[in-house]
Amino acid sequence: MEIVIDAGDGTPRTYEITATRAGRRVEVATRRGFVEVSELTRSGTAVRTARFMSSRILALVEHPADESG
């Protein structure tokens, strides 16, 4: 998942959250004006989470899973 935000300095910033191991997934949740992007294990435990103000987000780009492995 790629997140592009307006950082306020005129240049957009890009952040990337990926499922780093097999069996993990990335989920997006919108809560109270914030967008949370989390990498989750198979059991649903959050490994890492990024939180952004929804008014600053320019784009959320979801990339397909790599099926080559």
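The following paragraphs examine the structure supplied in this document.

### Comments concerning the sheet that holds strand E6 (residues 57-61)
Point 1. With respect to topology, three strands assemble into an open sheet ordered E2-E1-E6, the strand pairing being antiparallel. This sheet does not close on itself; its edge strands, each paired only once, are strand E2 (12-16) and E6. In this sheet, neighbouring strand axes are inclined to one another by 15 degrees on average, regardless of whether the strands run parallel or antiparallel.
Point 2. Where strand E1 (residues 2-6) lies against E2, five bridges are found, and the strand directions are antiparallel.

### Some details on the pattern of salt bridges
Point 1. A complete count under the given rule lists seven salt bridges for this structure.
Point 2. Put simply, Arg48 and Glu39 hold a salt bridge, and the shortest N to O gap is 2.9 Å.
Point 3. Relative accessible area serves as the criterion here: at 0%, Glu39 is assigned to the buried category.
Point 4. Linked through salt bridges whose partners overlap, the residues forming this network are Arg24, Glu39 and Arg48.

### Quick notes on the nonpolar core
Point 1. Grouped together as the largest cluster of nonpolar side chains are nine residues: Met1, Ile3, Ile5, Ile17, Val35, Val37, Ala50, Phe52 and Ile57.
Point 2. Of all the secondary structure elements, the ones that give two or more residues to this core are E1, strand E4 (34-40) and strand E5 (46-53).
Point 3. Those residues within four positions of Ile5 in sequence are excluded, and the remaining contacts are Pro12, Arg13, Tyr15, Phe52, Arg56, Ile57 and Leu58.

### Digging into the packing of aromatic side chains
Point 1. Scanning all chains against the criterion turns up one aromatic pair.
Point 2. Both rings, one in Tyr15 and one in Phe52, keep their centres 5.4 Å apart while their planes meet at 45 degrees; by these two values the pair is tilted. Of the two residues, Tyr15 is situated in strand E2 and Phe52 in strand E5; the sequence distance between them amounts to 37 residues.
Point 3. According to the relative accessible area criterion, Phe52 is buried, its value standing at 10%.

### Focus: the environment of Arg32
Point 1. Following the sequence through the fold, Arg32 ends up in the loop between strand E3 (25-31) and E4.
Point 2. Counting along the chain gives 22 residues from Arg32 to Ser54, while the straight-line C-alpha distance between them is 9.0 Å.

### Digging into the side chain of Glu36
Point 1. With respect to the helices, strands and loops of the structure, Glu36 is situated in strand E4.
Point 2. The exposure class assigned to Glu36 is buried, which follows from its relative accessible area of 13%.
Point 3. Once you skip the residues sitting within four places of it in the chain, Glu36 turns out to touch Glu27, Val28, Ala29, Arg31, Thr49, Ala50 and Arg51.

What counts, and at which threshold
- Residues numbered from 1 in each chain as written.
- Predicted model: local features only at pLDDT ≥ 70, side-chain atom pairs only at ≥ 80, totals over all residues.
- Heavy atoms only, no water.
- Pairing = 2+ DSSP bridges.
- Helix = DSSP H or I, 4+ residues; strand = E, 2+ residues; numbered from the N terminus.
- Axes fitted to C-alpha atoms, helices over the stretch in contact; angles between N-to-C directions.
- Salt bridge = Lys/Arg side-chain N within 4 Å of Asp/Glu carboxyl O.
- Buried < 20%, exposed > 50% of the residue type's maximum accessible area, 1.4 Å probe, protein only.
- Core = buried A, V, L, I, M, F, W, Y, C linked by side-chain atoms within 4.5 Å.
- Contact = heavy atoms within 4.5 Å.
- Phe/Tyr/Trp six-rings, centres within 6.5 Å; stacked < 30°, edge-to-face > 60°.

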